[in-house]
2 protein chains.
Amino acid sequence: MNEACIGLIGFGTVGAGVVKILQENREILEARIGFPLRLKRIADLDLESDRGVEVDRSLLTRDAREVIEDPDISIVLELVGGHDPARQFILDSLANNKHVVTANKALLAEHGAQIFKAAHVAGRDIGFEAAVAGAIPILRSLREGLVANRFEKVMAILNGTCNFILSAMDDDPGVSFEQTLSRAQELGYAEADPVLDVDGIDTAHKLVLVLNLTHGIRIPVESVYVEGIRHIDNFDVEMAKEFLYKIKLLAVIKSLDGRVEARLHPTMIRRNHPLARVDGVFNGIYLKGDMVGDQLFYGRGAGREPTASAVVGDIVELARNMATNESCRVPPLGYPEDRIVSTGLMKMEDIETNYYLRVQALDRPGVLSKISGIMAEHSISIHSVIQKGRDRSGAVPIVFLTHVAREADIQKACRKIAELDVAEGPTGIIRIEDESLS
Amino acid sequence: MNEACIGLIGFGTVGAGVVKILQENREILEARIGFPLRLKRIADLDLESDRGVEVDRSLLTRDAREVIEDPDISIVLELVGGHDPARQFILDSLANNKHVVTANKALLAEHGAQIFKAAHVAGRDIGFEAAVAGAIPILRSLREGLVANRFEKVMAILNGTCNFILSAMDDDPGVSFEQTLSRAQELGYAEADPVLDVDGIDTAHKLVLVLNLTHGIRIPVESVYVEGIRHIDNFDVEMAKEFLYKIKLLAVIKSLDGRVEARLHPTMIRRNHPLARVDGVFNGIYLKGDMVGDQLFYGRGAGREPTASAVVGDIVELARNMATNESCRVPPLGYPEDRIVSTGLMKMEDIETNYYLRVQALDRPGVLSKISGIMAEHSISIHSVIQKGRDRSGAVPIVFLTHVAREADIQKACRKIAELDVAEGPTGIIRIEDESLS
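Treat the numbers as computed from the prediction; the structure is a model and nothing was measured.

Engineer: Help me out: how do you make sense of the overall build of chain A in this one?
Structural biologist: A tally of regular secondary structure across chain A gives 14 helices and 17 strands. In terms of C-alpha radius of gyration, chain A reaches 24 Å, essentially the compact-globule figure of 22 Å for 438 residues. Principal-axis analysis of the C-alpha atoms gives chain A an extent of 80 × 45 × 35 Å. The buried share of chain A, taken over its 438 residues, is 51%. Pairs at least 24 apart in sequence give 76% of the contacts found in chain A among residues at least 6 apart.

Structure follows, in structure tokens:
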């Protein structure tokens, strides 16, 4: 093969990173692949902003068609993001017999069925390693290196913004969620509008993609239980420490007796768990395979060069396939096993795990007895209780760690507790993943 | 494709693990690949021992030829180990147009050139993910997911036996190297003859394979500086702790201004370094890529199922290639870039790093001045010194941490120090990798 010819749509942060890698590491890439990668065209509506990389202006166009319809180009990079027109760019590229590389997790999580079906019909591949955990080659590892395993458990930190905030709150119990979020925004780790990150939506998209690879099932993003990190306060962080836990926003996938649970929420894990050491903007994926046992992948989940590194990894894979005149070597996401199985997924109310419950209650005789009585009625067995000091208002926080309990029972019990005269506000609930706690 | 037909030579621990996976995870493998994997023949001299898996006795043979010459078999697993006859089995299989999967790091490190050339000539692939870090898909990640990167640094714990011993000594300063080794042998973590492990030979083989993938150069194993862990004593472990370090047997690859260094020795790393948390029999690979930044892979580096998981991952890759009628999609190890570049490798005497030096010296006036004078003469700048207590014999250990110094200067200075009347025995040297120490 003479060269692999590439077209880029979307000259934003990641797109500029790809251009940078193709320039700076051109020689080493060519040595590793055996032929050069040529970037022939770059399409973006904005041709003026400085991206920190120099490109020949003749490569630039405002018209994505000039990439999609260029007969020389065999790999199209969709780095526009969002649903439309990104989706149409991908579908049109596939229809024009081009392979596609994208980092667009939202699009794949929500319209994966359509896109992967179109790829299958066209006999083309979709590379999307950059869509989950940035620089970490986790999707490839799940589909290839670890393919011999049933995945019993996956727990993953997949959003650097949330992990930065939770790590900072753990480091300094004096700073609130809001203060930490502001600092993350100043440092460029959080968007001006942080909803996608802190409310867990970004991570939920990634969870859907990972679940598809680990268990071959695809679920609508709406069917995933998603809880963000806004409600985590300093008191919870401090209590977690006292119990030797750390709070992380985790995507959790577990499979037990053929039933699969997939959920996303702030989670307490032991401070000596490998994931507890994944701090700051880093991502980490912990998994337990029936054959490999425990494994951890750690690295940068976002940023210009790390994400672009994953995009270029996909480009190289496609180029190597093309060199041997191949495609669709590894089964793609969601198709042909294209079955939506939200019913096979365990309902959130049926999951069983350990819980941290924080009740704000008036400090009166009999309060603890009333609360623990409600728990007993709902088959919730208490592992530890801590009640400390007294608020000026007369209300004190009482914290419970439970033995394994059922989500539905916890929810019911917490509603009952909130109805007590002595309770102030709703009960704080944080799930715990700790195998040493039965 | 109807099926991929496999023959196994070597029905030992890993071979039995492969059989187990092909049996227990048959359905999920078929669902993921799209067609079944069929194990047609198993060759081993010993057909009687119980391997903990049941196989149809008609599959068994004492004659490896019945695998190598079976026209149905397209993938041969060489899990015999050692040099001969393993090498001939591989060469004959390739000559018979079969792909090969092996976990034989020693063979590939020492005879890789011949084997990969034969594979190239035959147009067949060699899968060898299991040869390095067992269950961790590190080779695939280096060649594929991270292919866009120049690897600035790799530091890896690649031998579970050594890591178990060093972790145990760090946990309990009361146990010696010999005691810990005996315990490892009782637990089955160390061989009766531990030379290959504790003297670093096993890790050196893996280092040679990793270096080939990260830097495209192949060096004879003899050209690598290799130092095992026998000389690590409790005092060093305790001093490491005092300086907030942990001692690990590390394969170190660094590249600086086009020069590459590759070495293997006990190394002090900061206790908060991601690798410091890789304890017990686990393996860990930390790397720094110019685009991805820091990354860590953590998992089981040995054992029946973990190693077999890597072998089956390779089988699946080959089967997927075969289904699209392909081979040699990803460039193999060492060939065609088959150049032995021990000259391009930095000589050990030229490397520059930080050092921990332990001098056993008589406690007399002027001793510290003499020793530090010798260091100054050799351009070695001292970062910290600790001298504690007094031995009954009158000799005390004095410990120095140095700023960055040249290996040749350290060696010279240590020889000079050993010649002093006041010095008892040779100076203990442990290299330090700590970017915060200049």
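Structure's up, so let's keep going.
Engineer: I'm lost on the relation of the copies chain A and chain B in this one. Help?
Structural biologist: Turning one copy of the chain about an axis and sliding it along that axis gives the other copy, so a rotation and a shift relate them. Taken as rigid bodies, chain A and chain B are interconverted by a rotation of 180 degrees and an axial shift of 0.0 Å, the fit giving an RMSD of 0.0 Å. Accordingly, the operation relating the two chain copies is best matched by a two-fold axis. It is Phe297(A) whose C-alpha, among those of chain A, lies nearest the rotation axis, at 2.4 Å. Taken as a fraction of all interface residues of chain A, those also at the interface in chain B reach 100%, which identifies the copy contact as same-surface.

Engineer: What should I look at first to understand the domain arrangement of chain A in this one?
Structural biologist: Reports of interface size often rely on the accessible area that becomes lost once the parts have come together. All names here are of chain A. For chain A, the assigned domains are domain 1 (4-134 + 304-323), domain 2 (138-300) and domain 3 (348-433). Computed over C-alpha atoms, the centres of domain 1 and domain 2 are 28 Å apart. Taken together, the contacts link 14 residues of domain 1 with 14 residues of domain 2. For the side of domain 1 that touches domain 2, the element with the highest residue contribution is helix α5 (residues 105-122), accounting for seven residues. Across the side of domain 1 that touches domain 2, the residue classes tally to nine nonpolar, two polar and three charged.

Engineer: What's the story with the sheet that holds strand β1 (residues 4-9) of chain B in this structure? I'm lost.
Structural biologist: Sheet strands line up and pair through hydrogen bonds in the backbone, either parallel or antiparallel. Residues and elements named next belong to chain B. Pairing within the open sheet is parallel, and its six strands lie in the order β3-β2-β1-β4-β5-β6. The strands lining the two open edges of the sheet, one partner per strand, are β3 (60-61) and β6 (126-127). Strand direction decides the pairing type here: strand β2 (residues 37-43) and β3, joined by two bridges, are parallel. Paired with Ala43 across the strands is Thr61, a residue of β3.

Engineer: Mind showing me how you'd approach the pairing of β1(B) here?
Structural biologist: Each regular strand displays side chains that alternate between the two surfaces of the sheet. Residue and element names in this part refer to chain B. Extensive coverage of β1 is indicated by the burial of six of its six residues. Burial of the side chains of β1 extends over both faces: Ala4, Ile6 and Leu8 are buried on one face and Cys5, Gly7 and Ile9 on the other. Both β1 and β2 contribute to a ladder of six bridges, which runs parallel. In the strand pairing of β2, Gly7 is matched with Arg41. Of the strand pairs in this sheet, β1 and strand β4 (residues 75-78) are connected by four bridges, and their pairing is parallel. Across the sheet, Ile6 pairs through a bridge with Ile75, a residue of β4.

Engineer: I would appreciate a short explanation of the packing of helix α7 (residues 160-171) of chain A against helix α8 (residues 177-186) of chain A in the present structure.
Structural biologist: Packed helices, taken two at a time, are described by the angle their axes make and the gap between the axes. Residues and elements named next belong to chain A. The geometry of α7 relative to α8 is characterised by a closest axis approach of 9 Å and an angle of 130 degrees between their N-to-C directions. It follows that α7 is oblique to α8 by the angle criterion. Crossing geometry of α7 relative to α8 is assigned as right-handed. Here α7 contributes Thr161, Phe164, Ile165, Ala168 and Met169 to the contact with α8, which in turn contributes Phe177, Thr180, Leu181, Arg183 and Ala184. Residues of the contact of α7 with α8, tallied by class, amount to seven nonpolar, two polar and one charged.

Engineer: Looking at this model, I keep getting lost on the interface of chain A and chain B. Mind explaining?
Structural biologist: On the side of chain B, 49 residues touch chain A, which itself brings 49 residues to the contact. Among the secondary structure elements, those contributing two or more residues to the side of chain A that touches chain B are α2 (26-33), α6 (138-145), β12 (293-300) and α12 (304-323) of chain A. With 10 residues, α12(A) is the largest single contributor of residues to the side of chain A that touches chain B. For the side of chain A that touches chain B, the class distribution of residues is 22 nonpolar, 14 polar and 13 charged. As defined by bridge partners, β12(A) adjoins strand β12 (residues 293-300) of chain B across five bridges and the pair is classed as antiparallel. Along β12(B), the bridge assignment pairs Leu296(A) with Tyr298(B).

Engineer: Can you help me understand the sheet that holds strand β2 (residues 37-43) of chain A in this one?
Structural biologist: If you trace the six strands from one edge of the open sheet to the other, you get β3-β2-β1-β4-β5-β6 (chain A), paired in parallel fashion. Because the sheet does not close on itself, it has two edges, and the strands there are β3 (60-61) and β6 (126-127) of chain A.

Engineer: Please explain the environment of Thr307(B) as it appears in this structure.
Structural biologist: All names here are of chain B. Residue position: Thr307 is located in helix α12 (residues 304-323). Given 26 C-beta atoms within 10 Å, Thr307 falls into the buried group. A C-alpha to C-alpha distance of 22 Å links Thr307 and Lys248, two positions 59 residues apart in sequence.

Engineer: So what exactly am I meant to see when it comes to the environment of Leu420(B) here?
Structural biologist: Residue and element names in this part refer to chain B. Tracing the chain through its elements places Leu420 in the loop between α14 (407-419) and β17 (428-433). The class for Leu420 is partly exposed, based on 15 C-beta atoms found within 10 Å. Sequence-wise, Leu420 and Ile371 are 49 residues apart; in three dimensions their C-alpha atoms are separated by 8.6 Å.

Engineer: Which parts of the structure should I look at to understand the pairing of strand β10 (residues 259-270) of chain A?
Structural biologist: Residues and elements named next belong to chain A. Pairing geometry for strand β8 (residues 225-226) and β10, over two bridges, is parallel. Paired with Tyr225 across the two strands is Arg263, which belongs to β10. Remark: two residues form the turn of the hairpin made by strand β9 (residues 245-256) and β10, two consecutive strands paired antiparallel; Asp257 in that turn has positive phi of roughly 50 degrees. Two elements, β10 and strand β17 (residues 428-433), share three bridges in a ladder whose sense is parallel. Paired with Met268 across the two strands is Ile432, which belongs to β17.

Engineer: Any chance you could explain the environment of Leu47(A) here in plain terms?
Structural biologist: Residue and element names in this part refer to chain A. Turning to its location among the elements, Leu47 is positioned in the loop between β2 and β3. The spacing of Leu47 and Arg62 is 15 residues in sequence and 7.2 Å in space, taken between C-alpha atoms. Excluding residues that lie within four positions of it along the chain, Leu47 makes contacts with Leu60 and Arg62.

Engineer: It is not clear to me how unusual backbone geometry should be interpreted in this structure. Could you clarify?
Structural biologist: Most of the time, phi is negative for any residue but glycine, and the peptide bond is trans. For the bond from Asp84(A) to Pro85(A), the omega torsion is 10 degrees, close enough to zero to count as cis. Within the secondary structure, Pro85(A) is located in the loop between β4 (75-78) and α4 (86-95). In this structure, Ala133(B) is a non-glycine residue whose phi angle is positive, near 60 degrees. Looking at the secondary structure, you find Ala133(B) in the loop between β6 and α6 (138-145). A residue is classified by how many C-beta atoms lie within 10 Å of it, and Ala133(B), with 30 of them, is buried. Despite not being glycine, Ser379(B) has its phi angle at roughly 60 degrees, a positive value. By secondary structure assignment, the location of Ser379(B) is in the loop between α13 (367-377) and β14 (382-387).

Thresholds applied
- Residues numbered from 1 in each chain as written.
- Chains lettered and ligands numbered in written order.
- Predicted model: local features only at pLDDT ≥ 70, side-chain atom pairs only at ≥ 80, totals over all residues.
- Helix = DSSP H or I, 4+ residues; strand = E, 2+ residues; numbered from the N terminus.
- Rg over C-alpha atoms; globule rule 2.2 N^0.38 Å.
- Buried ≥ 20, exposed ≤ 12 C-beta atoms within 10 Å, placed from the backbone.
- Contact = placed C-beta atoms within 7 Å.
- Least-squares fit on C-alpha atoms with pLDDT ≥ 70 in both.
- Domains from an automatic or database assignment.
- Nonpolar A, V, L, I, M, F, W, Y, C, P; charged D, E, K, R; others polar.
- Pairing = 2+ DSSP bridges.
- Axes fitted to C-alpha atoms, helices over the stretch in contact; angles between N-to-C directions.
- Parallel < 35°, antiparallel > 145°, perpendicular 65-115°, else oblique.
- Left-handed = near helix turned anticlockwise from the far one by under 90°.

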